[in-house]
Amino acid sequence: NGASVAAKTENKPVEFVVGEEVFKTQAEADAKLVALYEKEIESMTALQFSVGGESTQCPETAKGLAEKSKGTIAYKVGGVEFADKAKAEAAVKLVADAASTVKMSYKVDGKPFCCDKMAGTAAKESGKPIVFVIGSEEIPEESAAKLLYAQAKIRAIVEAATAAKSS
């Protein structure tokens, strides 16, 4: 990529930036992104109150925002706003179910494992590396696999919320 070429010509190491933080390795940057995604997943699977584009999980804060701005309270799930609270509450379950269907499995020397402990044991015994599997994607690096896993969960949440709104 362009950063690698620039680093070689400048004789400097590549740095990875996430927000305001700088990391020396891709794995460290991936770990930070995964932590941010996991926090976002937690937020996206909960019912939030939205007033004028500002979201909160506290109904009292939302009420105060609505009074202050003379706006109305909407309900937000999975990044999607709902006018109807009952529909939003139903969407909470749908997005949680969608997120739980996203799984990571493992392969060692082509043999599938559903548990990381069994895969770890097989890897030690065979001397072969663990390959991480998310959907049809096979990823050899754990940090990249965790990142893809979090992204797949977010995608499933947004798709479920969007489907719930249009139903």
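As a reminder, the structure under discussion sits directly above these lines.
This is a predicted model, so every value here is computed, not measured.

A word on helix H3 (residues 59–69)
Within an α-helix, residues lying three or four positions from one another point in the same direction, as the helix has 3.6 residues per turn. Turning to H3, its buried residues number three or more, namely Ala62, Leu65 and Ala66. End-on view of H3: buried residues confined to an arc of 100 degrees, all on one side of the axis. Opposite the buried face of H3, at more than 90 degrees from it, the exposed residues are Glu60, Glu67 and Lys68. Elements that come into contact with the buried residues of H3 comprise strand E3 (48–51) and strand E4 (54–56). Lys70 sits one or two residues past H3 and shows a positive phi near 60 degrees.

Thoughts on the packing of aromatic side chains
Under the counting rule described, the total for this entry stands at 2 aromatic pairs. Each ring, one from Phe49 and one from Tyr75, has its centre 5.9 Å from the other, and the planes form 70 degrees; the classification is edge-to-face. Taken together, the positions of Phe49 in strand E3 and Tyr75 in strand E5 (residues 74–77) put the pair 26 residues apart, joining distant regions of the chain. Accessibility expressed as a relative area gives 10% for Phe49, which makes it buried. What makes Tyr75 buried here is its relative accessible area of 15%. Ring geometry for Tyr106 versus Phe132: centroids 5.8 Å apart, planes at 75 degrees, classification edge-to-face. Here Phe132 lies in strand E9 (residues 130–134) and Tyr106 lies in strand E7 (residues 104–108), a separation of 26 residues in the sequence. The exposure classification of Tyr106 matches that of Phe132, with both residues buried.

Focus on the packing of helix H2 (residues 26–44) against helix H6 (residues 142–166)
Contact pair H2 / H6: the axes reach a minimum separation of 9 Å and the direction vectors enclose 25 degrees. The pairing of H2 with H6 is recorded here as roughly parallel in orientation. Crossing handedness for the pair H2 and H6: left-handed. Of H6, the residues touching H2 (which contributes Ala27, Asp30, Leu33, Val34, Tyr37, Ile41 and Met44) are Ser143, Ala144, Lys146, Leu147, Ala150, Gln151, Lys153, Ile154, Ile157 and Val158. Here the residues of the contact of H2 with H6 sort into 12 nonpolar, 2 polar and 3 charged.

Considering the sheet that holds strand E8 (residues 111–113)
The pairing of strands in a sheet happens through backbone hydrogen bonds and is either parallel or antiparallel. Spatial strand order, E8-E7-E9-E10: 4 strands in an open sheet with antiparallel pairing. This sheet does not close on itself; its edge strands, each paired only once, are E8 and strand E10 (137–139). Averaged over all adjacent pairs, the angle separating strand axes in this sheet is 30 degrees, with direction ignored. Set on the sheet, helix H5 (residues 116–126) makes contact with E7, E8 and E9; between it and E7 the angle comes to about 15 degrees. This element, H6, spans E7, E9 and E10 of the sheet and lies at about 10 degrees to E9.

Let's talk about the nonpolar core
Formed by 37 residues in total, the largest nonpolar core has its most connected members in Phe82 and Ile134. The residues contacting Phe82, other than those within four sequence positions of it, are Ala74, Tyr75, Val77, Lys87, Ala88, Ala91, Ala161, Ala164 and Lys165.

Describing the packing of helix H4 (residues 85–101) against H6
Look at H4 against H6: their axes get within 8 Å of each other, and the N-to-C directions meet at 150 degrees. You can see that H4 and H6 cross each other, and the crossing is right-handed. Contacts between H4 and H6 involve Lys87, Ala91, Leu94, Val95, Ala98 and Ala99 from the first element and Lys153, Ala156, Ile157, Ala160, Ala161, Ala164 and Lys165 from the second.

Here we look at the side chain of Gln48
The residue Gln48 is located in strand E3 in this model. The exposure class of Gln48 is buried, given its relative accessible area of 11%. Among the polar contacts made by the side chain of Gln48, one reaches the side chain of Ser43 at a distance of 2.5 Å. For Gln48, the contacting residues outside a window of four places in its chain are Ser43, Ser55, Thr56, Gln57, Ala74, Tyr75 and Lys76.

Cut-off values and rules
Residues numbered from 1 in each chain as written. Predicted model: local features only at pLDDT ≥ 70, side-chain atom pairs only at ≥ 80, totals over all residues. Heavy atoms only, no water. Buried < 20%, exposed > 50% of the residue type's maximum accessible area, 1.4 Å probe, protein only. Helix = DSSP H or I, 4+ residues; strand = E, 2+ residues; numbered from the N terminus. Arc of directions from axis to C-beta. Contact = heavy atoms within 4.5 Å. Phe/Tyr/Trp six-rings, centres within 6.5 Å; stacked < 30°, edge-to-face > 60°. Axes fitted to C-alpha atoms, helices over the stretch in contact; angles between N-to-C directions. Parallel < 35°, antiparallel > 145°, perpendicular 65-115°, else oblique. Left-handed = near helix turned anticlockwise from the far one by under 90°. Nonpolar A, V, L, I, M, F, W, Y, C, P; charged D, E, K, R; others polar. Pairing = 2+ DSSP bridges. Core = buried A, V, L, I, M, F, W, Y, C linked by side-chain atoms within 4.5 Å. Polar contact = N/O pair within 3.5 Å; in protein donor to acceptor, adjacent residues only side chain to side chain.

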